[in-house]
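Listed below, chain by chain, are the residues.
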Amino acid sequence: QAQLVEYGGGLVQAGGSLSLACAASGVIYSGNNMGWYRQAPGTQRELVATVTAAGTTTYADSVKGRATISRDGAKKTIYLQMTSLKPEDTAIYYCRSYHPTISAITFWGQGTQVTVSS
């Protein structure tokens, strides 16, 4: 059984920074893409950043220049570092691991709350 567990989050002041980690365990294809998504109250879940097994990264326009996603392939762990946080970054942040070509094969973490105070 695959499992993703997020770490980090909490309350941060605007202008500050945060670090999140997500550890994957169980039977997960090592070639899966992994990523961070977030969902604010009353909104749909949106992509924050993704990283492929080869290390190729993508970022949402809203976080470009402020976010860095990285991956430790051997440990199936990904990290997200964000700086210059804004109140609109407040959301539940979710980790996702998904097959690069079979979209139905996807796993989600339980989410971690990030609150940015103004």
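In this text, all values refer to a predicted model and were calculated from it rather than measured experimentally.

What follows deals with the overall build of the protein. Secondary structure assignment for the protein yields zero helices and 11 strands. Element order for the protein, N to C, with α for helix and β for strand: β-β-β-β-β-β-β-β-β-β-β. Taking 118 residues into account, the globule formula puts the C-alpha radius of gyration at 13 Å, and the protein, at 14 Å, falls close to it. A sequence separation of at least 24 residues applies to 55% of the contacts in the protein between residues at least 6 apart. Looking at the protein as shown, the accessible area adds up to about 6,200 Å², and 52% of this sits on carbon and sulfur atoms. Between the mean site of the 9 positive side-chain charges and the mean site of the 6 negative ones, the protein shows a separation of 6 Å.

A few words on unusual backbone geometry. Within the chain, Ser 84 stands out as a residue other than glycine whose phi angle is a positive 50°. Relative to the elements of secondary structure, Ser 84 occurs in the loop between strand S8 (77–82) and strand S9 (91–98).

Under the definition given, this model contains two aromatic pairs. Taken together, a centroid distance of 6.5 Å and an interplanar angle of 90° make the contact between Tyr 94 and Trp 108 edge-to-face. Of this pair, Tyr 94 sits in strand S9 while Trp 108 sits in strand S10 (residues 106–108), placing them 14 residues apart in sequence. The exposure class assigned to Tyr 94 is buried, which follows from its relative accessible area of 11%. Taking the relative accessible area as the measure of exposure, Trp 108 reaches 35% and is therefore partly exposed. Taken together through their ring pairs, the aromatic side chains of Tyr 37, Tyr 94 and Trp 108 make up a single cluster. Over the ring of Trp 108 we find Arg 45; its NZ or CZ atom is 4.5 Å from the centre of that ring.

Mapped onto the elements of the fold, Arg 96 is located in strand S9. For Arg 96, which is buried and forms no salt bridge, the nearest opposite charge comes from Glu 6, at a distance of 11 Å. For Arg 96, the side chain forms a polar contact with the side chain of Thr 106, separated by 2.8 Å. Each residue touching Arg 96, except ones within four places of it in the same chain, is listed here: Leu 4, Asn 33, Met 34, Gly 35, Tyr 37, Ser 103, Thr 106, Phe 107 and Trp 108.

About the criteria used
- Residues numbered from 1 in each chain as written.
- Predicted model: local features only at pLDDT ≥ 70, side-chain atom pairs only at ≥ 80, totals over all residues.
- Heavy atoms only, no water.
- Helix = DSSP H or I, 4+ residues; strand = E, 2+ residues; numbered from the N terminus.
- Rg over C-alpha atoms; globule rule 2.2 N^0.38 Å.
- Contact = heavy atoms within 4.5 Å.
- Areas by Shrake-Rupley, 256 points an atom, 1.4 Å probe, with all protein chains shown as cover.
- Lys, Arg positive; Asp, Glu negative; His and termini not counted.
- Charge placed at Lys NZ, Arg CZ, Asp CG, Glu CD.
- Phe/Tyr/Trp six-rings, centres within 6.5 Å; stacked < 30°, edge-to-face > 60°.
- Buried < 20%, exposed > 50% of the residue type's maximum accessible area, 1.4 Å probe, protein only.
- Lys NZ or Arg CZ within 6 Å of the ring centre and 35° of its normal.
- Salt bridge = Lys/Arg side-chain N within 4 Å of Asp/Glu carboxyl O.
- Polar contact = N/O pair within 3.5 Å; in protein donor to acceptor, adjacent residues only side chain to side chain.

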